Amino acid sequence: LPDGLMYEARLVGYDEEFDLAVLKADARGLTPAPLSDSDRLKVGDTIYAIGNPMGHLLGSMTEGIISSLARQVDFDERTMTPIQISASLNSGNSGGALIDTRGQVAGITVAKYTGVQGDTVLEGLGLAIPITDMLPFINHIIHTGASCRPSLGIMCYEAQQGGRRGILVDETTPDTPAEDLLRKGDFIVAANGTPINRLYDLSRILYATGVGGQVELTVIRHQNEITVTITLYDRLTQ
């Protein structure tokens, strides 16, 4: 803190896949950082990354812009859909706040592209997880001490049929809600009335709905459009 005070904090819970942790400190008089709606961000918006580069440059801030929204990248053997930013990030920035021009937390910085390709040095390619995507998991950790992963119970991939984009069901997982409701070859084109073009679109709706919530899927089956309602389960507990 600016006045030099230090507080002990305990770990409430974490989500290793999302590089997310919730800590609690017994302290009074602190001002919480307001959270933004990261869905309102636009390419070109000015942002600020705050963190501790090298682990000891406490509270350093770098400025940049939103370079891309929902950039799908492979990171540590998993696919993520973070915000791409031009603000400089260094070792020690991970887990720091991405701040918008209103002083609100719009994301959590997690990584950057680095290296040399030919004669080109990669710079200004930082990645941050949108805060709106993380809120369901933050709240779940606060209330239960553990993270979750609301799921249907399917193996699937992005596809296109008859000029429409959507999610094609490859198989259902035994003993999950989808087992008796979805079939191999089902083509999911909408969830809760929202068109589904990418796996990211479907995941966001599942995460926002939460474990125990119901998702209404619009499915193309044998060229017929049907509606299937599924109650989500937590695949981290199975």
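See the structure shown above.
My aim in this report is to walk through the structure given alongside it, one point at a time. As the structure is a prediction and not an experimental result, all values here were calculated from the model.

**Section: the overall build of the protein**
Broken down by element type, the protein carries 2 helices and 20 strands. Reported as C-alpha extents along the three principal axes, the dimensions of the protein are approximately 65 × 50 × 30 Å. Counting across all 238 residues of the protein, residues that qualify as buried make up 39%. Looking at the protein alone, contacts between residues at least 24 apart form 50% of all its contacts between residues at least 6 apart. Looking at the protein as shown, the accessible area adds up to about 13800 Å², and 49% of this sits on carbon and sulfur atoms. A distance of 5 Å separates the average location of the 18 positive side-chain charges in the protein from that of its 29 negative side-chain charges.

**What about the sheet that holds strand S3 (residues 46–51)?**
One closed barrel holds the 6 strands; their spatial order is S3-S4-S7-S12-S9-S8, and the pairing between them is antiparallel. Mean inter-strand twist for the sheet, computed between neighbouring axes without regard to direction, equals 45°. Bridging between S3 and strand S8 (residues 97–99) involves 3 bridges; their strand directions are antiparallel. Residue pairing across strands places Ile 50 opposite Ala 97, the latter belonging to S8.

**Some points on the nonpolar core**
Judged by nonpolar contacts, the single largest core of 38 residues is most densely connected at Leu 20, Met 134, Leu 152, Leu 182, Ile 188, Leu 202 and Leu 217. Looking at which element gives the most residues to this core, the answer is helix H1 (residues 131–144), with 5 residues. Excluding residues within four positions of it along the chain, Met 134 makes contact with Phe 18, Leu 20, Ile 108 and Ile 129. With 11 residues, the next largest nonpolar core counts Leu 41, Ala 49, Ile 85 and Ala 128 among its residues.

**Quick word on the pattern of salt bridges**
Throughout the structure, instances matching the rule amount to 10 salt bridges. Notably, a salt bridge pairs Asp 170 with Lys 184, separated by 3.0 Å at the nearest N-O pair. Of the two residues, Asp 170 sits in strand S15 (residues 164–172) while Lys 184 sits in the loop between S15 and strand S16 (187–191), which places them 14 residues apart along the sequence.

**Comments concerning the pairing of strand S19 (residues 224–231)**
Examined bridge by bridge, strand S18 (residues 214–221) and S19 share 8 bridges and lie antiparallel to one another. Bridge pairing links Arg 221 to Asn 224 in S19.

**Quick word on the packing of aromatic side chains**
Scanning all chains against the criterion turns up 3 aromatic pairs. Taken together, a centroid distance of 4.9 Å and an interplanar angle of 50° make the contact between Phe 18 and Phe 137 tilted. Here the residue Phe 18 occupies a position in the loop between strand S1 (9–15) and strand S2 (20–25), and Phe 137 occupies one in helix H1, the gap between them amounting to 119 residues. Ring plane angle 75° and centroid distance 4.9 Å describe the contact between Phe 137 and Tyr 207, whose orientation is recorded as edge-to-face. With Phe 137 in helix H1 and Tyr 207 in helix H2 (residues 199–209), this residue pair connects regions lying 70 residues apart in the sequence. Residue Phe 137 is classed as buried on the basis of its relative accessible area of 0%. An aromatic cluster is present here, built from Phe 18, Phe 137 and Tyr 207 joined pairwise through their rings.

What counts, and where the lines are drawn
- Residues numbered from 1 in each chain as written.
- Predicted model: local features only at pLDDT ≥ 70, side-chain atom pairs only at ≥ 80, totals over all residues.
- Heavy atoms only, no water.
- Helix = DSSP H or I, 4+ residues; strand = E, 2+ residues; numbered from the N terminus.
- Buried < 20%, exposed > 50% of the residue type's maximum accessible area, 1.4 Å probe, protein only.
- Contact = heavy atoms within 4.5 Å.
- Areas by Shrake-Rupley, 256 points an atom, 1.4 Å probe, with all protein chains shown as cover.
- Lys, Arg positive; Asp, Glu negative; His and termini not counted.
- Charge placed at Lys NZ, Arg CZ, Asp CG, Glu CD.
- Pairing = 2+ DSSP bridges.
- Axes fitted to C-alpha atoms, helices over the stretch in contact; angles between N-to-C directions.
- Core = buried A, V, L, I, M, F, W, Y, C linked by side-chain atoms within 4.5 Å.
- Salt bridge = Lys/Arg side-chain N within 4 Å of Asp/Glu carboxyl O.
- Phe/Tyr/Trp six-rings, centres within 6.5 Å; stacked < 30°, edge-to-face > 60°.

All quantities given are derived from atomic positions and should not be read as evidence of function.
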